[in-house]
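Observations on the three-dimensional arrangement
What follows is each chain in one-letter form.
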Amino acid sequence: IYASPLTVKIGRGAGNSWDRSTLPNPGSYSLADVNKDGVDEIYFVALEGYMRINYESDGTFSLNSFYPQIDSYNTYIYYATPIFTDIDGDGELEHILSGGFNSFTVYTGDIITEPIVWPVNNAEWHILMPPTAYNSDGTVKNRGDNDLNAGRRLQGVADVDGDGKMEIGIQFSTGIEGEQYAGFMHCYEGEGTEWTDSPEDVAARNGQYAWDNYKSQVKWKYDMRPEFGGQNVIANSIVTGDIDGDGRAEFVVSTNTGYLVVFNGEDDPEDGRVLWSVNPGGGTKLGMPVIADVDNDGYSEIIVSAGDGAIHIIDGEERSEQEPSPTATPTPTPTTAPEPSETPEPTTTPVPTTTPAPEQDEEEEYEVTALSIEADVSPDGAASANVESDIFIKLIDNAKEDETTGQRVVVELSVDSKDAKSVTLGIPGSALKQMADATESSLRISTGLATVTFDSRAVEAISSNENAENIKVSIDTVDKDLLSDEAREKVGDRPVYDFKILADDTGISDLMGGKAEIHIPYTQKPGEKENSIVVYHIDSEGNLGTIRGKYNKETGTVSFTLSHFSVYAVGYNEVNFNDVSESEWYNEAVGFLAARGIVKGIGNNNFAPGYNVTRADFLIMVMNSFGIEADSEITDNFDDAGDKYYTPYLGTAKQLGLVLGIGNNKYAPELTISRQEMFVILYRILENIGEMPAGDDGRTLESFKDVDEIADYAIEAIETLVISGVISGDGEKLLPGATSSRAEAAQVLYNILSK
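Residues numbered from 1 in each chain as written. Predicted model: local features only at pLDDT ≥ 70, side-chain atom pairs only at ≥ 80, totals over all residues. Heavy atoms only, no water.

With respect to the overall build of the chain
Let me state the cut-off plainly: Secondary structure is summarised from DSSP: a helix means a run of H or I of at least four residues, a strand means a run of E of at least two, and numbering begins at the N terminus for each. Here the term buried applies to any residue with accessible area under 20% of the maximum for its type, exposed to any over 50%, and partly exposed to those in between, with areas from a 1.4 Å probe on protein chains only. Any two residues whose heavy atoms approach within 4.5 Å are treated as being in contact. Residue burial considers only the protein chains on display, and all accessible areas are found by Shrake-Rupley using a 1.4 Å probe.
Each helix and strand counted, the chain has 13 helices and 41 strands in total. Counting across all 755 residues of the chain, residues that qualify as buried make up 52%. Partitioning the intrachain contacts of the chain with sequence separation of at least 6 by distance along the chain shows that 63% fall at a separation of at least 24. Total accessible area on the chain is roughly 32,600 Å²; 45% of this is exposed by carbon and sulfur atoms.

This is the structure we're talking about:
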């Protein structure tokens, strides 16, 4: 069965088909044997109405229309996806239709006996949006005040509270002003009942959705706006399944703001209405989830596509299990723990990046198709060059050919701009669009000032700009006299460049999820420590923020990755502590992280490498490492978050789904953290932000003598980090139950950031 905006085709081979002239805009289809002939019918909605394709006794397929777009309630069903279930337990299938704009109705199965308009008595119950809503005195409100919308979305139907009856999940995107509708997830009783003339029912009609004599009780509602995207949060789809293995279905909601939310349907759940939530695609819009046991472990997984271009598979059971309480590994809290005022505060990195700084040795991994261009250099040192369209298209053809063999390809444009102070390269927008459409290749622009490599998503973002007929990429040397005093002190005589992309002289700064790898030639100065060479972003007001980047001695470059073009500089920030000598195994790690503001001392120029790390402090270190800024405005937090230096970090991590806590909405921020807890938190954050390190270090989990001491919940995380070389223990043991010191935590993060 194949449906598209142009055709619907049924059957093998030629089969049967209906084109757009007779069947405009068919939507998603559903299968059900409503007429009980032993063969499923195909039901879907098109502009012409509610459609059924039936297999006839003579071996042909027939197409019938049962319901026009505007029904007897004057509501639209456009975009509805039919759902079939025995919602009232009478042994008959009901049709459930969520209208495209303003209706939600449960119909009896015998609607097919009424060919054009369904009479009112076929409705089990109906929600009209705008609804017939009532004032407290029983009079009808003005419908113009009652604009509700739950259309265009698949609604969830299941017994989510274990009472033996079906419930329906509906989320509204708009609603009556002052009422709790817009942005709220609602759970309705599946079985509609009749309104009566009793004073209780008359009073209950205030704010209820009703049509004629039918009503459905709202069992519970939940405001999704504070946690899952604000006023504009919309549920793209609601599906149901047993996610946590308790034998009862849950509502699984995917949103336009990127969240996957699992709702506990019980009447009064002890652990809260939201079982768990996750943001798998980095905030990009999610598609319709599919629930299945894809790894055959007896528990359901959730499969969902996201706007980041990936299909994500989430282990429902693992997400449902909270982190074991740290008290399972009792350890004393040091009396010399750092005071809150001296614990790392949020870094003010204006443009965070979450991609490791790359090495400039891509020729070992990529096939390069290159073109050398000689630039015109003006007397004031401004170099400019342009790529001819036909030549660039030849490079694209070469890239396409190389990609057919499975190779990863870089199209390189090398600009000969010796002694230039600025370089501008012009690229035909149509040719760049052709590269984005026809290849998955990266684009590298090499100049004497810097090398910029755009990944395929960045190329697509630039070429899809509405003003992309003429693209210019420029690298300009910034006059240091224009910098603030702080910036001049930090930068010294090191390179400062303004990176720009112009489409017909209109700036493009956002790469829409794409990345640009930057490599700036740099000669290490006498006395400079390699790990203290850093990269700064300089905002429009001259403020500096450290971003992820590092110096590569072998290539003689400072490398970093951007998702946003602006002014960036190479700087130097050496940090030394009295209690960290150069001979210590953790010296490089502490120096690297301190130079970038990821860790700080505890006072009196001491780092206290042997102090235990609290759960809150390690979370702060990880978030600072990957440029995840704390949001102080978040109100939904762990119950034990308090009002302390770590409070906004805990709230941000919870909202982003980075940590789960220890159960009962608690995080235990001031308890010392064990090594395996540290690894699990790190693993979950890396997985969430797409930063899981690749590669094989040659070690296996079984090569350590204490592998049997690892808790079940930590095995996957520790094994992944061992294989990638992030953790190595003492060489023979991993010591999973031991408390983690500040030095050990710094070393683990350094192992990731320095790769």
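Having seen the model, we can carry on.
Here's the deal with the sheet that holds strand β24 (residues 301–305)
Put simply, the test is: Two strands are said to pair when DSSP picks up at least two bridges between them. Axis angles are defined between N-to-C directions and span 0 to 180 degrees, where every axis is a line fitted to C-alpha atoms and, for a helix, only to the segment in contact.
With antiparallel pairing, three strands are arranged side by side in an open sheet as β23-β24-β25. Unpaired on one side and paired on the other, β23 (290–292) and β25 (311–315) mark the two borders of the sheet. Neighbour-to-neighbour, the strand axes of the sheet open up by a mean angle of 25°, direction not taken into account.

Considering the confidence of the model for the chain
Here is the rule: Each residue carries a pLDDT score, the predictor's own confidence in it, on a scale running from 0 to 100.
On average, residues of the chain score 76 in pLDDT, and 73% of them reach the 70 mark or higher. A low-confidence stretch, residues 112–152 (pLDDT under 50), is modelled with 152 contacts involving residues beyond four sequence positions or located in other chains. Confidence drops under a pLDDT of 50 for residues 205–214, and excluding neighbours within four residues, the segment shows 45 contacts in the predicted structure.

With respect to the sheet that holds strand β22 (residues 274–278)
On the basis of which strands lie adjacent, the open sheet formed by four strands has the order β19-β20-β21-β22 and antiparallel pairing. In this open sheet, the two edge strands, each paired with only one partner strand, are β19 (235–241) and β22. With direction set aside, neighbouring strand axes in the sheet form an average angle of 15°. As judged from the six bridges shared by β19 and strand β20 (residues 250–255), these two strands associate in the antiparallel manner. Its bridge partner lying in β20, Gly241 is registered against Glu250.

Observations regarding the packing of aromatic side chains
Under the convention used in this document: Any two rings among Phe, Tyr and Trp, with Trp reduced to its six-membered ring, count as a pair given centres within 6.5 Å; such a pair is stacked if its planes are under 30 degrees apart, edge-to-face if over 60, and tilted if neither.
As enumerated under the stated definition, the model contains 16 aromatic pairs in all. When the ring of Tyr43 is compared with that of Phe84, the centres are 4.9 Å apart and the planes differ by 50°; the resulting orientation is tilted. Here the residue Tyr43 occupies a position in strand β5 (residues 41–46), and Phe84 occupies one in strand β8 (residues 83–85), the gap between them amounting to 41 residues. Overall, Tyr43 belongs to the buried group, its relative accessible area being 0%. Taking the centre distance of 6.0 Å and the plane angle of 35° together, the rings of Trp220 and Phe263 count as tilted.

Quick notes on the environment of Gln747
Tracing the backbone through its elements, the reader meets Gln747 in helix α13 (residues 742–753). Overall, Gln747 belongs to the buried group, its relative accessible area being 18%. When residues no more than four places from it in sequence are discounted, the contact partners of Gln747 are Trp585, Tyr586 and Ala589.

A look at the pairing of strand β38 (residues 544–547)
Pairing between strand β37 (residues 533–538) and β38: four bridges, direction antiparallel. Following the sheet pairing, Ile538 is matched in β38 by Leu544. Adjacent in sequence and paired antiparallel, β37 and β38 are bridged by five residues, among which Gly542 carries a positive phi angle near 85°.

Points about the pattern of salt bridges
Oppositely charged side chains may form a pair once their charged atoms are brought near each other. Where we set the bar: Whenever Lys or Arg places a side-chain nitrogen within 4 Å of a carboxyl oxygen from Asp or Glu, that contact is recorded as a salt bridge.
Within the structure shown, the criterion is met by 16 salt bridges. With its nearest N and O atoms 3.4 Å apart, the salt bridge here joins Glu732 to Lys705. Here Glu732 is found in the loop between α12 (715–723) and α13, whereas its partner Lys705 is found in the loop between α11 (675–689) and α12, with 27 residues between them in sequence. Its relative accessible area of 63% is what places Lys705 among the exposed residues. Salt bridges linked by common partners bring Asp161, Glu167 and Lys219 together as one network.

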